[in-house]
Amino acid sequence: MDTTGLRAAYDRLLEVAAMPDLGDADDGGWNADQILAHLLSVDATVAAVALGVVSGSRPTFDNRVSLDPWNLDRIIAEHSGRADLAAHLRSQVAVLCDVAGLLSEQAASVLVPSLLLSNNALGLDQPVPLAALIDGLADDHVPRHTQQLLDLRVAVPGLSAEK
């Protein structure tokens, strides 16, 4: 699989996550640390699914654990701050991309039973090709969370919020 898009999406997200002026969500949503913890959980799950496919097992993908507040708090507590979360995410993305980059076409096309929730709504409950699961990170999931991080930027008088 070509992971160029996934690497680029994460480069942008990590650039935004390093911005110093990220506050809390106006709507009570996740803060930057929670977003990074969520991504760490999702990416570890996707990498585990990919390795499971390669090993010959038939894993499933279920994103509910990556949405669980207790799990997000646990992940955050295991890190010394946002920079540490981001560094861990960067190294984990490298692992995910390395695993995905080694997938054969046959492995990438294996259907993975998938359950995706978003904002307490069912987004997907059906098998999808492993490649689509990984490409969905680059095409939708990571850019969506990048925008979510950008939306956390605190307006500083006299400074533009645009980068």
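Provided above is the structure to which this section pertains.
Residues numbered from 1 in each chain as written. Predicted model: local features only at pLDDT ≥ 70, side-chain atom pairs only at ≥ 80, totals over all residues. Heavy atoms only, no water.

Visitor: Looking at this structure, how should I read the side chain of Thr 3?
Guide: Along the chain, Thr 3 turns up in the segment before helix H1 (4-17). Assessed through its relative accessible area of 9%, Thr 3 is described here as buried. Setting aside anything within four residues of it in sequence, one finds Thr 3 in contact with Cys 97, Ala 100 and Gly 101. (Helix = DSSP H or I, 4+ residues; strand = E, 2+ residues; numbered from the N terminus. Buried < 20%, exposed > 50% of the residue type's maximum accessible area, 1.4 Å probe, protein only. Contact = heavy atoms within 4.5 Å.)

Visitor: Please clarify how the sheet that holds strand S2 (residues 111-118) should be interpreted in this entry.
Guide: Note: strands within a sheet are paired through backbone hydrogen bonds, in either parallel or antiparallel orientation. The strand order across the open sheet formed by three strands is S1-S2-S3, and the pairing between neighbours is mixed. The sheet terminates laterally at strand S1 (61-62) and strand S3 (121-129), the two strands that pair on one side only. Pairing of S2 with S3, which is carried by eight bridges, proceeds in the antiparallel orientation. Within the sheet, the bridge partner assigned to Val 112 lies in S3 and is Val 128. Strands in contact with helix H6 (residues 130-150) are S1, S2 and S3; relative to S3, the strand with the most contacts, it is inclined by about 145°. (Pairing = 2+ DSSP bridges. Axes fitted to C-alpha atoms, helices over the stretch in contact; angles between N-to-C directions.)

Visitor: Quick question: what am I supposed to make of helix H4 (residues 82-101) here?
Guide: Note: α-helices contain 3.6 residues per turn, so residues at a spacing of three or four share the same orientation. Here H4 contains 20 residues, and its C-alpha end-to-end distance of 28 Å stays within 8% of the 28 Å for a straight helix at 1.5 Å per residue. Of all the positions in H4, only Leu 85, Ala 86, Leu 89, Gln 92, Val 93, Leu 96, Cys 97, Val 99 and Ala 100 are classed as buried. Along H4, the residues classed as buried sweep out an arc of 155° about the axis, all on the same side. Along its buried surface, H4 packs onto H1, helix H2 (32-55), helix H3 (69-77) and H6. (Expected span 1.5 Å × (residues − 1). Arc of directions from axis to C-beta.)

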